[in-house]
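# Residue-level structure breakdown
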Amino acid sequence: MSSALQISASISSNSSSFLNCGFGIRPSKSSLPPASRSHGICLCVAAPSEQTAYKTKVSRNANMAKLQAGYLFPEIARRRSAHMLKYPDAQVISLGIGDTTEPIPEVITSAMAMRAHSLSTVEGYSGYGAEQGDKNLRAAIASTFYGDLGIEETDIFVSDGAKCDISRLQLLFGSNVKMAVQDPSYPAYVDSSVIVGQTGLFQKDIEKYGNIEYMRCTPENGFFPDLSTVSKTDIIFFCSPNNPTGSASSRDQLMQLVQFAKDNGSIIVYDSAYAMYISDDSPQSIFEIPGAKEVAIETSSFSKYAGFTGVRLGWTVIPKELLFSDGFPVAKDFNRIVCTCFNGSSNIAQAGGLACLSSEGLKAMKDVIGFYKENTEIIVDTFTSLGFNVYGGKNAPYVWVHFPGRSSWDVFAEILEKTHLVTTPGSGFGPGGEGFIRVSAFGHRGNVLEACKRLKQLYK
């Protein structure tokens, strides 16, 4: 092993701070001492913990020790960085992490720029805003996405993104609940459940945590779980269109889910972060289903609609009709959580959110979404032409490709090594993802076309 790779191997898989310090980027010759220049990396590795002379008497949170390895996406970034050290001249293309690539439409950035500039004036300056979000933005979200569904402005909590709200909701529910999750699913649901203490230990033989109900979603069941086999749980995390499979649940399926929650007294946390990608008649909100306001919370985001992955703006809907077992409104407790843990979304980001929901902004977002959906068609056609079974892509920016009988991490490694393409191993989304890879449609068109060319050369 070369010394550069030895350095790479020493990096913790969850060391995102290391990955942000220019790893894999060639520094100028004058910026580092000779020993550092020879490897072309920034030597900012922390000293080994065993060299620390002093330790506190504070015990580590035992729940953190339950987490397996690093969070999926930092681990992918770590492996990509190691690959770039090995092949410093390769053009590495990422179709892995679901980060948007196309510029934010100018109608939106102009509104943010105007709001930012107004902060430099006495008349335009504002400090803390309402923790629940700007009143006008909450009203615009209600009318745009929930117009005739009985969702009111006061049911909406504006946030810094759906992922952040998932953790706040876990804080709301506490440790004494049992959760169910689609398998495969976005890893933040399970990891946040582990951190707050809802789960047992990780069971390596079955690749599952104790006290979590894994609802298997496969091509055979149309990526919708057989609810007759699902045990009673308190909280059901459900994403449609699903990340990673790209499958959107039908109206009939969601009616089954709502009835299942009612029969069991459960609360659904419905993640609709990709709803605007839906092309068919699948519901774009859980609240399109009669009775859902009594059993469901919905969380969503501007990230994948307007390129706000770095701007950070989302929202959560908690209807007044949703009550705990003692009759106390869930929204009131969530409001308490928000007021304690959050000072409200950036006023600049919220100005962008309002612009997103203008007639011009909505058209611009739909145009960007249409661009990514064209990318999915290119990726789907590529894998289909190579004889793979391919799922997703129609209602979501993700393509779910089956490699039967193979380890998804092995497939990830093979594609990276032989084509310099980054994908996402399906097993990172749960045991039900083994044998699949997720390919993201977020990318510049030229990169997507080049990636597909390389894939055809590999698997022809």
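Residues numbered from 1 in each chain as written. Predicted model: local features only at pLDDT ≥ 70, side-chain atom pairs only at ≥ 80, totals over all residues. Heavy atoms only, no water.

### Observations concerning the nonpolar core
Formed by 55 residues in total, the largest nonpolar core has its most connected members in I268, I286, F287 and M365. Taken together, domain 1 (72-103 + 361-459) and domain 2 (106-360) each give at least three residues to this core, which thus spans both. Not counting chain neighbours up to four residues away, the residues in contact with I268 comprise I236, F238, L257, V258, A261, V295, A296 and I297. (Core = buried A, V, L, I, M, F, W, Y, C linked by side-chain atoms within 4.5 Å. Buried < 20%, exposed > 50% of the residue type's maximum accessible area, 1.4 Å probe, protein only. Domains from an automatic or database assignment. Contact = heavy atoms within 4.5 Å.)

### Here we look at the sheet that holds strand β6 (residues 212-216)
Neighbouring strands of a sheet are bound in pairs by backbone hydrogen bonds; such pairs are parallel or else antiparallel. With respect to topology, 7 strands assemble into an open sheet ordered β2-β10-β9-β8-β7-β3-β6, the strand pairing being mixed. Each end of this open sheet is capped by a strand with a single partner; those strands are β2 (156-159) and β6. Across the sheet, the mean angle from the axis of one strand to that of its neighbour is 20°, orientation sign disregarded. Seen against the sheet, helix α8 (residues 162-173) touches β2, β3 (179-183), β7 (235-239), β8 (267-271), β9 (296-301) and β10 (314-317) and runs at an angle of roughly 155° to β9. (Pairing = 2+ DSSP bridges. Helix = DSSP H or I, 4+ residues; strand = E, 2+ residues; numbered from the N terminus. Axes fitted to C-alpha atoms, helices over the stretch in contact; angles between N-to-C directions.)

### Observations concerning helix α5 (residues 72-86)
Taking 1.5 Å per residue as the helical rise, α5 with its 15 residues ought to reach 21 Å, and the 21 Å between its terminal C-alpha atoms agrees with that figure. Taken together, the buried positions of α5 are L72, F73, P74, E75, I76, R78, S81, A82, H83 and L85. (Expected span 1.5 Å × (residues − 1).)

### Concerning the sheet that holds strand β15 (residues 436-440)
Strand order in the open sheet formed by 4 strands is β11-β12-β15-β14, with antiparallel pairing between adjacent strands. The sheet terminates laterally at β11 (390-392) and β14 (424-425), the two strands that pair on one side only. Direction of pairing for β11 relative to strand β12 (residues 398-402): antiparallel, over a ladder of 3 bridges. Of the residues in β12, the one forming a bridge with G392 is V399.

### Structural notes on unusual backbone geometry
The step from D183 to P184 runs through a cis peptide bond, and the omega angle for that step is 10°. The residue P184 is located in the loop between β3 and α9 (187-195) in this model. Along the chain, S240 connects to P241 via a cis peptide bond; the corresponding omega equals -5°. With respect to the helices and strands, P241 occurs in the loop between β7 and α10 (251-264). Not every positive phi belongs to a glycine, and R312 is a case in point at roughly 75°.

### Examining the packing of aromatic side chains
Under the criterion given, the structure shown has 27 aromatic pairs. Summarising the aromatic geometry, the rings of F388 and F403 are spaced 4.7 Å apart at their centres and angled 45° between planes, so their arrangement reads as tilted. With F388 in the loop between α14 (359-385) and β11 and F403 in the loop between β12 and α15 (408-419), this pair connects stretches of sequence that are 15 residues apart. Taking the relative accessible area as the measure of exposure, F403 reaches 4% and is therefore buried. (Phe/Tyr/Trp six-rings, centres within 6.5 Å; stacked < 30°, edge-to-face > 60°.)

### Let's talk about the pattern of salt bridges
For the structure shown, the criterion picks out 17 salt bridges. A salt bridge links K394 to D280; the nearest nitrogen and oxygen atoms lie 3.9 Å apart. Note that K394 is positioned in the loop between β11 and β12 and D280 in the loop between β8 and β9, a separation of 114 residues in sequence. Sharing partners across several salt bridges, the network here consists of E75, R78 and R79. (Salt bridge = Lys/Arg side-chain N within 4 Å of Asp/Glu carboxyl O.)

### As for the confidence of the model for the protein
Keep in mind that low pLDDT regions are not for reading the predicted coordinates in detail. Of all residues in the protein, 89% attain a pLDDT of 70 or more, and the chain-wide mean is 90. In this model, residues 1-45 is a region of pLDDT below 50 whose contacts with residues beyond four sequence positions or in other chains number 53 contacts. (pLDDT = per-residue confidence, 0-100.)

### Description of a negative patch on the surface
There is a patch of like negative charges on the surface, built from D205, E207, D410 and E434. Secondary-structure assignment places E207 in the loop between β4 (202-203) and β5 (208-209). (Patch = residues over 30% accessible without salt bridge, like charges linked within 9 Å, V, L, I, M, F, W, Y side chains within 5 Å. Areas by Shrake-Rupley, 256 points an atom, 1.4 Å probe, with all protein chains shown as cover. Lys, Arg positive; Asp, Glu negative; His and termini not counted. Charge placed at Lys NZ, Arg CZ, Asp CG, Glu CD.)

### Some words on the pairing of β15
Burial analysis of β15 places 5 of its 5 residues in the buried class, the great majority of the element. Relative to β15, β12 runs antiparallel, the two being bridged by 5 bridges. Each bridged residue has a counterpart across the sheet, and for V401 the counterpart in β15 is I437. One ladder, built from 2 bridges, connects β14 with β15; its direction is antiparallel. Along β15, the bridge assignment pairs P425 with I437.

### As for the side chain of S300
Residue placement: S300 occurs in strand β9. When its relative accessible area of 1% is taken as the criterion, S300 is described as buried. For S300, the side chain forms a polar contact with the main-chain oxygen of S272, separated by 3.2 Å. If near-sequence neighbours (up to four positions away) are discounted, S300 is found in contact with A162, S272, A273, Y305, G314 and W315. (Polar contact = N/O pair within 3.5 Å; in protein donor to acceptor, adjacent residues only side chain to side chain.)

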